[in-house]
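An overview of the molecular structure
So the chains spell out like this:
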Amino acid sequence: MRAWIDGSLLADPGQGAVAVTDHGFTVGDGVFEAVKTIHGTPFALTRHLARLERSAAGLGLPAPDLDHVRAGVAAVLADGADVDAMGRLRITWTAGPHPMGSGRGGGPPTLVVAYSAIEPAPRSTTVVTVPWTRNENGATAGLKTTSYAENVIALAHAQRHGGSEAVLANTAGHLCEGTGSNVFYVLDGELRTPSLASGCLAGITRDLVVEWCGAREVDEPLADVRDRASEAFLVSTTRDVQAISRWDDRDLPAPGPVTERCAATWADREAGSMEP
Ligand SMILES: Cc1ncc(COP(=O)(O)O)c(C=O)c1O
């Protein structure tokens, strides 16, 4: 693993480098991006940086200097990341040092870029619906903030029940998303995915799959989707297009024909451009 903070590479990324009063640490007052790299080159970095800016604005943080972020990305990738078939960058932008309550006052923001190699995700996986809901009306709905404790709890629940990902409904009972992924499914022969009004993150992979594979954005009860979909898949930066083989007690074809087509389209397009 390599890490860079506010302009300097860390000799030991495991050692403390962020102030104990950093609001990202004390109250989760920060935003982040996870970006895939292929042989040391980031995929869709421009789209990820645009979302980092949107998330920062949504939290009322100053806008990150994207040239500075790109310098951090170059620094962590400079020393041999190209030998890794796949890697993950994590870009974190927090409010910086502040008083230890929820109120802000202080700063300046903290910028961290970290990198480590990862393995490709399996082609199919199992998911578990969790009892907690996404709040599509919440102040952080749709923002990629560092307040991920709800996702941690949901994912641990799914893993205890034999899934690799948790699936959440929103407060209306409609399908929303996974803890780190968006969901697509085929119902009545049509490829569909929840709309952004569901409270899901505007996933970069989701946007590209909608554009490249043509899915209808629609909000439907999670239970209907789970019980009636003929196939379903997860999408995310690290999963790409990943078939769902089991959703709670229901087995699904993995991959089904539409999923297979989307995965092939994804592979073709990704091979064609690293900045789609
Ligand atoms: C809550 C949530 N939804 C969806 C996604 C998928 O987004 P992307 O395709 O940009 O990785 C993520 C990514 O980590 C996420 O955290």
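Below: a short report on this structure. Predicted model, so just to flag it, every value in this text is computed and none were measured. Numbers given to residues run from 1 along each chain, matching the order in which its sequence is written. This being a predicted model, a pLDDT of at least 70 is required before a residue's local features are given, and a value of 80 or more before pairs of side-chain atoms are given or counted; all residues contribute to the totals for chains, interfaces and linings. Hydrogens are left out, water is left out, and the side-chain values use all remaining heavy atoms of the structure.

Notes on the environment of aspartate 65
Definition in use: Each helix is a run of DSSP H or I of at least 4 residues and each strand a run of E of at least 2, with the numbering of both proceeding from the N terminus. Nitrogen and oxygen atoms within 3.5 Å of one another constitute a polar contact, given that in protein one can donate a hydrogen and the other can accept it, and given that sequence-neighbouring residues count only through two side-chain atoms.
With respect to the element layout, aspartate 65 can be found in the loop between α2 (45-59) and α3 (66-77). Taking the C-alpha atoms as reference points, aspartate 65 and leucine 111, 46 residues apart in sequence, are found 9.6 Å from one another. Within the local environment of aspartate 65, its side chain forms a polar contact with the backbone nitrogen of aspartate 67, the two atoms lying 2.9 Å apart.

Side note on the packing of aromatic side chains
Where we set the bar: Pairing of aromatic rings covers Phe, Tyr and Trp, the last through its six-membered ring, and needs centres within 6.5 Å; plane angles under 30 degrees mean stacked, over 60 mean edge-to-face, and all others mean tilted. Residue exposure (1.4 Å probe, protein chains only): buried if accessible area is under 20% of the type maximum, exposed if over 50%, otherwise partly exposed. For a lysine, the NZ atom is tested; for an arginine, the CZ atom; a charge sits over a ring if that atom is within 6 Å of the ring centre and within 35 degrees of the ring normal.
Under the criterion given, the structure shown has four aromatic pairs. Here phenylalanine 43 and tryptophan 266 contribute two aromatic rings whose centre-to-centre distance is 5.7 Å and whose plane-to-plane angle is 65 degrees, an arrangement assigned as edge-to-face. With phenylalanine 43 in the loop between β4 (41-42) and α2 and tryptophan 266 in helix α7 (residues 257-272), the pair connects residues that are 223 residues apart, well separated along the chain. In this structure phenylalanine 43 comes out as buried when scored by relative accessible area, which is 5%. Here a set of aromatic residues connected by ring pairs shows up, and it is made of Phe43, Trp212 and Trp266. Above the face of the phenylalanine 43 ring, lysine 36 is positioned so that its terminal group lies 5.3 Å from the ring centre. Directly above the ring of phenylalanine 32 sits arginine 90, whose terminal nitrogen or CZ lies 3.9 Å from the centroid.

Observations regarding the nonpolar core
Using the following cut-off: Only buried residues count toward a nonpolar core. Its members are Ala, Val, Leu, Ile, Met, Phe, Trp, Tyr and Cys residues joined through side-chain atoms within 4.5 Å.
Leu89 and Ile91 are the most contacted members of the largest nonpolar core, which totals 23 residues. At the level of secondary structure, the elements contributing two or more residues to this core comprise β3 (30-38), α2, α3, β5 (86-94) and β6 (110-117). With 17 residues, the next largest nonpolar core counts Ala44, Leu208, Val210 and Ala215 among its residues.

Comments concerning the site of the ligand
The condition is simple: The rule for a residue being near a molecule or strand is that one of its heavy atoms must lie within 4 Å of it. Residue classes follow a fixed rule: Ala, Val, Leu, Ile, Met, Phe, Trp, Tyr, Cys and Pro count as nonpolar, while Asp, Glu, Lys and Arg count as charged, and any other residue, Gly among them, counts as polar.
Around the ligand, a shell composed of 16 residues is seen, among which Lys144, Tyr148, Glu177, Thr205 and Thr237 lie nearest. Threonine 205 is positioned such that a nitrogen or oxygen atom in its side chain is 2.6 Å from an oxygen atom of the ligand. One of the side-chain nitrogen or oxygen atoms of threonine 237 is found 2.6 Å away from an oxygen atom of the ligand. Taken together, the elements giving at least two residues each to the shell around the ligand come down to β9 (175-178) and α5 (204-213). Taken together, the residues of the shell around the ligand break down into three nonpolar, nine polar and four charged.

A few points about the pairing of strand β14 (residues 240-247)
Quick note on the threshold: We call two strands paired when DSSP finds no fewer than two bridges between them.
Taking burial as the measure, the eight residues of β14 include six buried ones, the bulk of the element. Summarising the sheet, strand β7 (residues 124-134) and β14 pair through four bridges and their orientation is parallel. Bridge pairing in β14 links valine 127 to tryptophan 247. Of the strand pairs in this sheet, strand β13 (residues 231-236) and β14 are connected by four bridges, and their pairing is antiparallel. Paired with valine 235 across the bridge in β14 is valine 241. Two successive antiparallel strands, β13 and β14, enclose a turn made up of three residues. Looking at chain direction, β14 and strand β15 (residues 250-251) are connected through two bridges and run antiparallel. Looking across to β15, one finds that arginine 246 is bridged to aspartate 251.

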